[in-house]
Amino acid sequence: MRNISELNTSKRILMGPGPSDVHPRVLKSMATPLIGHLDPEFLEVMDDIKFMTQQTLKTQNPLTFVVSAPGSAGMETCLVNLLEPGDEAVVCIHGVFGNRLADIAERCGAKVIKVESEWGKPINPDDVKKALANCNPKLLAIVHAETSTGVLQPMEEISKLTKDAGALLVVDAVTSYCGVDLRVDEWGIDALYSGSQKCLSASPGLSPVTFSQAAIDVLENRKTKVQSWFLDLTMVKNYWEGAKRAYHHTAPVSAMFGMREALRLVLEEGLENRFQRHKKNHELLRDGLEGLGFEFLVEKEYRLPMLNAVKIPAGIDELAIRKRLLNEYDIEVGGGLGPFAGKIWRIGLMGESATTNHVNMLLGALKAII
Ligand SMILES: *Cc1c(COP(=O)(O)O)cnc(C)c1O
């Protein structure tokens, strides 16, 4: 017989690529007794979440809501609603998540034109310009904060090129949202998805999404049905807005309670203060890590404050040290993905994990181990 005792996990310090630590107020809100997902009180919770999501994304888009599934489902929501078989899509790839975008776009039946850069470097706008000129693009998709490499992608020039080509701009802001500057309306972003578990510091499993009017126009003029029933926005949107609020699926009520409180915390702190906090702690961590012999993968100008990709110094057994960090110090940091497996660490300072205490705990543990 398997003896299954009451759940009792270790108290971890989350400094990987997500999830991040969660504020006690968010955890407390998730223990609120359930109400029905069509209860007028829950519809108000949804309206609160929508309003605060618009504010944190700096958008007026009426079609702004939360997909009841993780960031990857937000990614899929943007692409399955906007692409039809035979469409051409330019997909920028500078890490794992660009590859995932390309894979999904291909599964939608689109012809994918890839714009690639070496991992650890941003996408070059000149390459984007060439790719857009050589096809008839319905959209361009790009990752704003590439969590697999720690690169912050400058957006404004690529946005302008995309608009000039008459294409929609689709942006992955899973890691950038609530950690660095992000302006949906000002930057001309047509469809954007994020995640709840990175710099927002809510529990994993929800994906904020927003669509511009131009994106809605494309959706409404489709010739074919959206391939996915669950992610079809023409139906989901009747659950999130309008007078009817029709049943579509049962929302994850407790997770939504948590998301509402996490958004309240962001607005209480203020977006600018939050960005500054991420930056300040990134600098503190950088100085400490460099003192220990770690080098950053990404050039200073393009570094993400919330995801620090550092090369493992020679002679260090990275897996053994990561195991000791977890087992002896309860600290989680991320390893490298793809070509960077075994070569880099990805140290997250996301949301509630972007504090001076977190930085000092990790540096103290590393000094003791190395
Ligand atoms: C984490 C992440 C995703 C995927 O989110 P999940 O919640 O794990 O599905 C997508 N894009 C980027 C850039 C991410 O960091």
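Residues numbered from 1 in each chain as written. Predicted model: local features only at pLDDT ≥ 70, side-chain atom pairs only at ≥ 80, totals over all residues. Heavy atoms only, no water.

Visitor: Got a sec to walk through the overall build of the chain? Specific residues and values, please.
Guide: Within the chain one finds twelve helices and 14 strands. Over its C-alpha trace the chain gives a radius of gyration of 21 Å, about what one expects of a compact globule, namely 21 Å for 370 residues. Principal axes of the C-alpha set define a box for the chain whose edges measure 60 × 55 × 50 Å. Counting all 370 residues of the chain, 58% fall into the buried class. Contacts in the chain between residues far apart in sequence, at least 24 positions, make up 71% of those at least 6 positions apart. Summed over its atoms, the accessible surface of the chain is roughly 16200 Å², and 52% of this surface lies on carbon and sulfur atoms. With 41 positive and 46 negative side-chain charges, the chain shows a spacing of 3 Å between the two charge centroids. (Helix = DSSP H or I, 4+ residues; strand = E, 2+ residues; numbered from the N terminus. Rg over C-alpha atoms; globule rule 2.2 N^0.38 Å. Buried < 20%, exposed > 50% of the residue type's maximum accessible area, 1.4 Å probe, protein only. Contact = heavy atoms within 4.5 Å. Areas by Shrake-Rupley, 256 points an atom, 1.4 Å probe, with all protein chains shown as cover. Lys, Arg positive; Asp, Glu negative; His and termini not counted. Charge placed at Lys NZ, Arg CZ, Asp CG, Glu CD.)

Visitor: Please give an account of empty space enclosed by the protein that cites residues and values.
Guide: For the coordinates displayed, the defined rule picks out two cavities of 30 Å³ or more. In this model, the largest cavity occupies a volume close to 60 Å³. Taken together, Phe65, Val66, Val67, Ser68, Thr77, Phe230, Leu231, Leu233, Val236, Trp240 and His249 make up the full set of residues lining the largest cavity. Sorting the residues of the lining of the largest cavity by element identifies strand 2 (63–67) and helix 8 (233–240) as the ones contributing at least two each. When its residues are assigned to classes, the lining of the largest cavity shows eight nonpolar, three polar and no charged. Computed from the structure, the second largest cavity encloses a volume of approximately 40 Å³. Every residue lining the second largest cavity is listed: His23, Val26, Leu200, Ser201, Ala262, Leu265, Val266, Arg274 and Glu352. Among the elements that take part in the lining of the second largest cavity, helix 9 (residues 253–269) stands out by supplying three residues, more than any other. In terms of residue class, the lining of the second largest cavity is made up of five nonpolar, two polar and two charged. (1 Å grid on protein atoms, 1.4 Å probe; cavity = no way out; pocket = protein on both sides within 12 Å on 5 of 7 lines; lining within 4 Å. Points joined across faces, edges and corners; volume = space filled by probe spheres on them. Nonpolar A, V, L, I, M, F, W, Y, C, P; charged D, E, K, R; others polar.)

Visitor: Outline the site of the ligand, listing residues and values.
Guide: Around the ligand sit 13 residues in total, of which Ser72, Thr147, Asp172, Gln197 and Lys198 are the nearest. One nitrogen or oxygen atom from the side chain of Thr147 is found 2.3 Å from an oxygen atom belonging to the ligand. Within the side chain of Thr175, an N or O atom sits 3.0 Å from an oxygen atom of the ligand. For the ligand, whose unbound accessible area comes to 380 Å², protein coverage reaches 88%. Residue assignment for the shell around the ligand shows that the elements contributing at least two residues are helix 3 (71–82) and helix 4 (96–107). (Near = heavy atom within 4 Å. Polar contact = N/O pair within 3.5 Å; in protein donor to acceptor, adjacent residues only side chain to side chain.)

Visitor: Before we move on, could you go through the sheet that holds strand 12 (residues 307–311) and cite the residues and values that matter?
Guide: Taken together, five strands build an open sheet; the order of strands is 1-13-14-12-11 and the sheet is mixed. Bordering the open sheet on either side are strand 1 (13–15) and strand 11 (295–296), each of which pairs with just one other strand. Its contacts with the sheet place helix 11 (residues 318–329) against strand 1, strand 13 (331–335) and strand 14 (344–348), and it is angled at close to 155 degrees to strand 13. (Pairing = 2+ DSSP bridges. Axes fitted to C-alpha atoms, helices over the stretch in contact; angles between N-to-C directions.)

Visitor: Can you break down the packing of aromatic side chains residue by residue, with the values?
Guide: Aromatic rings in a pair are described by how distant their centres are and how their planes are angled relative to each other. Taken as a whole and judged by the stated rule, the model has four aromatic pairs. Between Trp119 and Phe340, the ring centres sit 6.2 Å apart and the planes meet at 55 degrees, which makes this aromatic pair tilted. One end of the pair, Trp119, is in the loop between strand 4 (111–116) and helix 5 (125–133); the other, Phe340, is in the loop between strand 13 and strand 14, with 221 residues separating them in the sequence. Accessibility classification places Trp119 together with Phe340 in one group, the buried group. (Phe/Tyr/Trp six-rings, centres within 6.5 Å; stacked < 30°, edge-to-face > 60°.)

Visitor: Please set out the sheet that holds strand 3 (residues 88–93) residue by residue, giving values where relevant.
Guide: With mixed pairing, the seven strands of this open sheet are ordered in space as 2-10-9-8-5-3-4. At either margin of the open sheet sits one strand with a lone partner, and together these are strand 2 and strand 4. Neighbour-to-neighbour, the strand axes of this sheet turn through a mean angle of 15 degrees, independent of strand direction. For strand 3 and strand 4, the ladder comprises six bridges, and the chain directions are parallel. Within strand 4, the position partnered with Glu88 by the bridge is Lys111.

Visitor: Now, about the pattern of salt bridges: what can you tell me, with residues and values included?
Guide: Inspection of the entire model under this criterion finds 25 salt bridges. The salt bridge involving Asp47 is made with Arg245; its shortest N-O contact spans 3.2 Å. Taken together, the positions of Asp47 in helix 2 (residues 40–57) and Arg245 in the loop between helix 8 and helix 9 put the pair 198 residues apart, joining distant regions of the chain. On the accessibility criterion, Asp47 (36% relative accessible area) is partly exposed. On the accessibility criterion, Arg245 (12% relative accessible area) is buried. We note a salt bridge from Arg286 to Asp287, for which the minimum N-O separation is 3.1 Å. Linked by salt bridges that have partners in common, Lys58, Asp181, Arg183, Glu186 and Glu272 make up one network. (Salt bridge = Lys/Arg side-chain N within 4 Å of Asp/Glu carboxyl O.)

Visitor: Describe the side chain of Ser203, and please don't skip the residues or the numbers.
Guide: The topology assignment puts Ser203 in the loop between strand 9 (191–193) and strand 10 (207–211). Each residue touching Ser203, except ones within four places of it in the same chain, is listed here: Met30, Ser196, Gln197 and Ala255.

Visitor: Residues and numbers for the pairing of strand 12, please.
Guide: Among the five residues that make up strand 12, four are buried, leaving the element largely enclosed by the rest of the structure. Pairing analysis gives two bridges linking strand 11 to strand 12, with the strands arranged antiparallel. Residue pairing for strand 12: Phe296 is matched across the bridge by Val310. Two elements, strand 12 and strand 14, share five bridges in a ladder whose sense is antiparallel. In the strand pairing of strand 14, Ala309 is matched with Arg346.

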